[in-house]
Structures are given as structure tokens and as C-alpha cells.
Amino acid sequence: MQEVKILGIETSCDETAASIVKNGKDIMSNVVNSQIKIHQAFGGVVPEVASRRHIENIALVVDTAFKEAGLSYEDIDAVAVTNRPGLIGALLVGVSFAKGFAYGLNKPLIAVNHLYGHIYANFLEHSDIRFPAVCLVVSGGHTSLLVMKGTEEYELIGETLDDAAGEAFDKVARFMNLGYPGGPAIQKAAEKGQAGKYSLPRVFLDRDDFDFSFSGLKTAAMNLWNKLNRKGEADVYDMAAEFQAALVEVLAEKTVRAAKKYNAQSVMLAGGVAANSELRRVVKQKADKLGLPLYYPSLKLCTDNAAMIAGSAYHRYLKQDFAPLNLNAYATMSIL
Ligand code: KG4
Ligand code: ZN
């Protein structure tokens, strides 16, 4: 079998990442330079700061990916890069670098949708996923439910009408002074609290569709938090637990309802919020009841990385589905 080694580059948000993946499966290196510590001081990602850090880091990150893989530049067969969706300035750093790198080495360029990369992280680690599968993609910028008919074939059946799940975690953590990124901080606080002591809405749970809305939940959480603080009754752990439970219940229930409706053979989670242990636990519990296997990437591959970008480009390489050197970056782009 021909060996295809693809360099993946990812700079859509606050991680400068490069990875080399062989045949869409074997991760030869996976380098992630996180800017979290820099953005923490601001309580969230500052786009212009992110772009500047990417510029400073990208050459070293890519070089390290080659060193870790034990390869020289000429050994790769193609350069894959995230060109949508994400912070435009941040994306442009990766896209420009990838174009120059591909041109200099005379290798083909492959443009990858970041959200598809998140889904593909599952295929990097699991080879027994049966189709159709229902996949919940939950990240800092997106919340979508998809029916996967194959590794490359999918249909969007629902999405958030306002905030993304990760965004809700981040914003709620911010007003609760739990720090950035909010998802892991709320998860940690929730472990010490109890859901149900306070009451937050399960938004859209009663709707017979697969759309989500988290903006109202965020506002309800903020109002409740302010009220509790005024009364001197605010418990950060119980509040974190109730918020997480309210968000997770809707995500999990709708995912499993979709699995039933579309006769899915498997259930998948993808994106940064798929790292959430409560989401994993509740979806597993519900999927077990239907006798369906649940798949999610390991923690390192849930949040932003370039292995998912390099891996997902493999089938595109085989089809010679290459991008031109005038490839652009796009801040907003649906998963389809
Ligand atoms: O996929 P990702 O790394 O970047 C985007 O594509 O947006 O996702 C980042 C999001 C952030 O909102 C972060 O708070 C959330 O994923 N996240 C979590 C957890 N780890 C990361 N949310 C809940 N629980 C976690 N353990
Ligand atoms: Zn992401």
C-alpha cells in the first residue's frame, strides 16, 4: 500500500498546532502550542493577540512536528490546513504559512473545514463506527447535530439558533469568576456541587426538533446568580452543577432522540465540549438504553489539534481534491 504522509496545520482559534498523520490514521506527531495562559488574563480569546502569537509560533510548531515524526520536509505528500470557520486573522496565519510551505516544497495543498476535522478525530481512534451514526458536534463556536452516512457523507439535522454550547460554558464561567476556558472550570466546580439545588431551564427539550438555544439558559443563569449573590446564598459548586446539568440534559436527550429517529447504529461526540465528563456520562447512559455504542475522541483530540486536520485530509488526497494557491480563509462557514 502506498504510504501517504500529510502535514496538518491548525490555527483557527488560540491553539497553534501542527501534526503529521500517515494514511489518515497513524499519528506520527501532534504538536499543540496553546495560548490559553496568555488569553486567561483577558477572560477570553483576544483575536488580534491570537493572530500575533500564531505568527510567532507557527514555524517552530511545524518544525517540531517534523522532528517528532523523524521526518524531513520532503518526506510529506501534502499540506492540509484549516481554512474555515474560525477567527479570520488567526486562520489567515495558518493558511498563508501552509500555502508558502506547499509551494516551496511543490506539494499539493488541501483545505479542511475545522468542524469536519473535529468529527474526523473519532475516525482517527475508532475503526468500528457503524453507519448511519448520529454525531453531536459541540465546540466553542458551534453546536450541530449530524447524521453521518459514511466517514465523508453527512446531513445537518439541527443546530444552535444562538450561542454555541462551549460559548455558554465560557460566558457563564466568566460571570461566576471561574476563569477561562469555562468548560473545564465549570466541570471541575460541578464535581463538588449538586444539580437540582437550584433550577435552570432545559431549553428546547420539549420541542420536537434537533435545534438548540443556549442564550436564554445563559441569561437565566446570570439572573439567578445575581439574585443568589444579593441574598448571600450563592454556592458556586451547586450553581456550576445545575448549569452543566441543564445544558448536558438537552444535548444528550436530543442526540439520542435523533439516533432513534434516524435508526443510527452508533452515536458520536466531537469538539471541545465532547471533553466534558458529564456529557459523556449522560449520553452513554441514554445510548446504552438503546443498545447503541458511543464514540468520542480521547481528551487530547477533542480540543483543537492538527492531527484531526491532517487525518481528515487523507481521503481528499486520494481523490486529488486539492486547493489552489489563492485559497482564502472564511470566518463563518457551516459544516456542510
Ligand atoms: O473545539 P474547541 O477546542 O475549539 C473550538 O473549535 O471552539 O472547543 C473549545 C470549547 C471551549 O468553549 C471550552 O470551554 C470547551 O470547548 N471545553 C469544555 C471542556 N473542555 C473544553 N466544555 C465543557 N467541558 C469540558 N471539559
Ligand atoms: Zn475546535
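Above this note sits the structure.
Residues numbered from 1 in each chain as written. Chains lettered and ligands numbered in written order. Predicted model: local features only at pLDDT ≥ 70, side-chain atom pairs only at ≥ 80, totals over all residues. Heavy atoms only, no water.

### Remarks on the pairing of strand E5 (residues 109–113)
Thought 1: Counting buried positions over the 5 residues of E5 gives 5, a clear majority of the element.
Thought 2: Handedness of the strand E4 (residues 78–84)-helix H3 (residues 88–105)-E5 crossover: right-handed. (Buried < 20%, exposed > 50% of the residue type's maximum accessible area, 1.4 Å probe, protein only. Helix = DSSP H or I, 4+ residues; strand = E, 2+ residues; numbered from the N terminus. Right-handed = clockwise from strand over helix to strand, strands pointing away.)

### What to know about the sheet that holds strand E3 (residues 26–34)
Thought 1: Read across the open sheet, the 5 strands follow the order E3-E2-E1-E4-E5; overall the sheet is mixed. Whereas interior strands pair on both sides, the edge strands pair on one side only; in this sheet they are E3 and E5. For this sheet the average axis-to-axis angle between neighbouring strands, irrespective of direction, equals 20°.
Thought 2: Strand direction decides the pairing type here: strand E2 (residues 15–22) and E3, joined by 8 bridges, are antiparallel. Counted as the bridge partner of Lys22 is Asp26 from E3.
Thought 3: In this fold helix H2 (residues 47–69) packs onto strand E1 (5–10), E2 and E3, with an angle of close to 25° to the strand it touches most, E2.
Thought 4: Along the sheet, helix H4 (residues 114–125) contacts E1, E2, E3, E4 and E5; its crossing angle with E5, the most-contacted strand, is approximately 90°. (Pairing = 2+ DSSP bridges. Axes fitted to C-alpha atoms, helices over the stretch in contact; angles between N-to-C directions. Contact = heavy atoms within 4.5 Å.)

### A word on the packing of aromatic side chains
Thought 1: Summed over the entire model, instances satisfying the criterion amount to 12 aromatic pairs.
Thought 2: Plain terms: the ring middles of Phe66 and Phe101 are 5.9 Å apart, the flat faces sit at 40° to each other, and that makes the pair tilted. Of the two residues, Phe66 is situated in helix H2 and Phe101 in helix H3; the sequence distance between them amounts to 35 residues.
Thought 3: Exposure remark for Phe66: the relative accessible area of 2% places this residue in the buried category.
Thought 4: We classify Phe101 as buried; its relative accessible area is 12%.
Thought 5: Aromatic side chains Phe97 and Phe101 sit 5.6 Å apart centroid to centroid with 20° between the ring planes, which places their arrangement in the stacked category. Taken together, the positions of Phe97 and Phe101, both in helix H3 and 4 residues apart, correspond to about one turn of that helix. (Phe/Tyr/Trp six-rings, centres within 6.5 Å; stacked < 30°, edge-to-face > 60°.)

### Describing the packing of helix H6 (residues 182–190) against helix H8 (residues 236–261)
Thought 1: Here H6 crosses H8 at 115°, and the two axes come no closer than 7 Å. Helix-helix and strand crossings are classified by hand; for H6 and H8 the assignment is left-handed. Residues Ile186, Gln187, Ala189 and Ala190 of H6 pack against Tyr237, Ala240, Ala241, Phe243 and Gln244 of H8.
Thought 2: Class assignment for the residues of the contact of H6 with H8 results in 7 nonpolar, 2 polar and no charged. (Left-handed = near helix turned anticlockwise from the far one by under 90°. Nonpolar A, V, L, I, M, F, W, Y, C, P; charged D, E, K, R; others polar.)

### Observations concerning the site of ligand 1
Thought 1: Around ligand 1, the structure places 19 residues, and the nearest of them are His118, Gly140, Asp170, Gln187 and Asn276.
Thought 2: Contact between ligand 1 and His118: an oxygen atom at 2.9 Å from a side-chain N or O atom of the residue.
Thought 3: Backbone polar atom of Gly272 to an oxygen atom of ligand 1: 3.0 Å apart, as the coordinates give it.
Thought 4: Here ligand 1 has 550 Å² of accessible area as a free molecule, and 89% of this is covered by the chains.
Thought 5: Sorting elements by how many residues they give to the shell around ligand 1 places H6 first, with 4 residues.
Thought 6: Taken together, the residues of the shell around ligand 1 sort by class into 5 nonpolar, 12 polar and 2 charged. (Near = heavy atom within 4 Å. Polar contact = N/O pair within 3.5 Å; in protein donor to acceptor, adjacent residues only side chain to side chain. Areas by Shrake-Rupley, 256 points an atom, 1.4 Å probe, with all protein chains shown as cover.)

### Description of unusual backbone geometry
Thought 1: A cis amide bond, omega -5°, links Phe131 with the succeeding residue Pro132.
Thought 2: Among the secondary structure elements, Pro132 is positioned in the loop between H4 and strand E6 (133–138).
Thought 3: Here Tyr180 and Pro181 are connected by a cis peptide whose omega angle stands at -5°.
Thought 4: The residue Pro181 is located in the loop between helix H5 (165–175) and H6 in this model.
Thought 5: Backbone geometry at Asn263 places phi at a positive 50°, although glycine is not the residue there.
Thought 6: Checked against the element boundaries, Asn263 lands in the loop between H8 and strand E9 (266–270).

### Here's the deal with the sheet that holds strand E8 (residues 154–159)
Thought 1: The mixed open sheet is built from 5 strands, whose spatial order is E8-E7-E6-E9-E10. The sheet terminates laterally at E8 and strand E10 (294–295), the two strands that pair on one side only.
Thought 2: One ladder, built from 2 bridges, connects E9 with E10; its direction is parallel. From the neighbouring strand, Met268 faces E10, where its bridge partner is Tyr295.
Thought 3: Set on the sheet, H8 makes contact with E6, strand E7 (143–148), E8 and E9; between it and E6 the angle comes to about 155°.

### Examining the side chain of His315
Thought 1: If you trace the backbone, His315 turns up in helix H12 (residues 314–318).
Thought 2: Excluding anything up to four places from it in sequence, His315 contacts Tyr116 and Glu152.

### As for the coordination of the zinc ion (ligand 2)
Thought 1: Looking at the metal site, the zinc ion (ligand 2) is ligated by His114 (NE2), His118 (NE2) and Asp304 (OD), spaced 2.0 to 2.1 Å from it.
Thought 2: For the zinc ion (ligand 2), all donor residues lie on one chain, and their spacing in sequence is H-x3-H-x185-D. Of the two residues, His118 sits in helix H4 while Asp304 sits in the loop between helix H10 (299–302) and helix H11 (307–312), which places them 186 residues apart along the sequence. Pair check on accessibility: His118 and Asp304 agree, each one buried. (Donors = N, O, S within 2.8 Å, 3.2 Å for Na, K, Ca; no water.)

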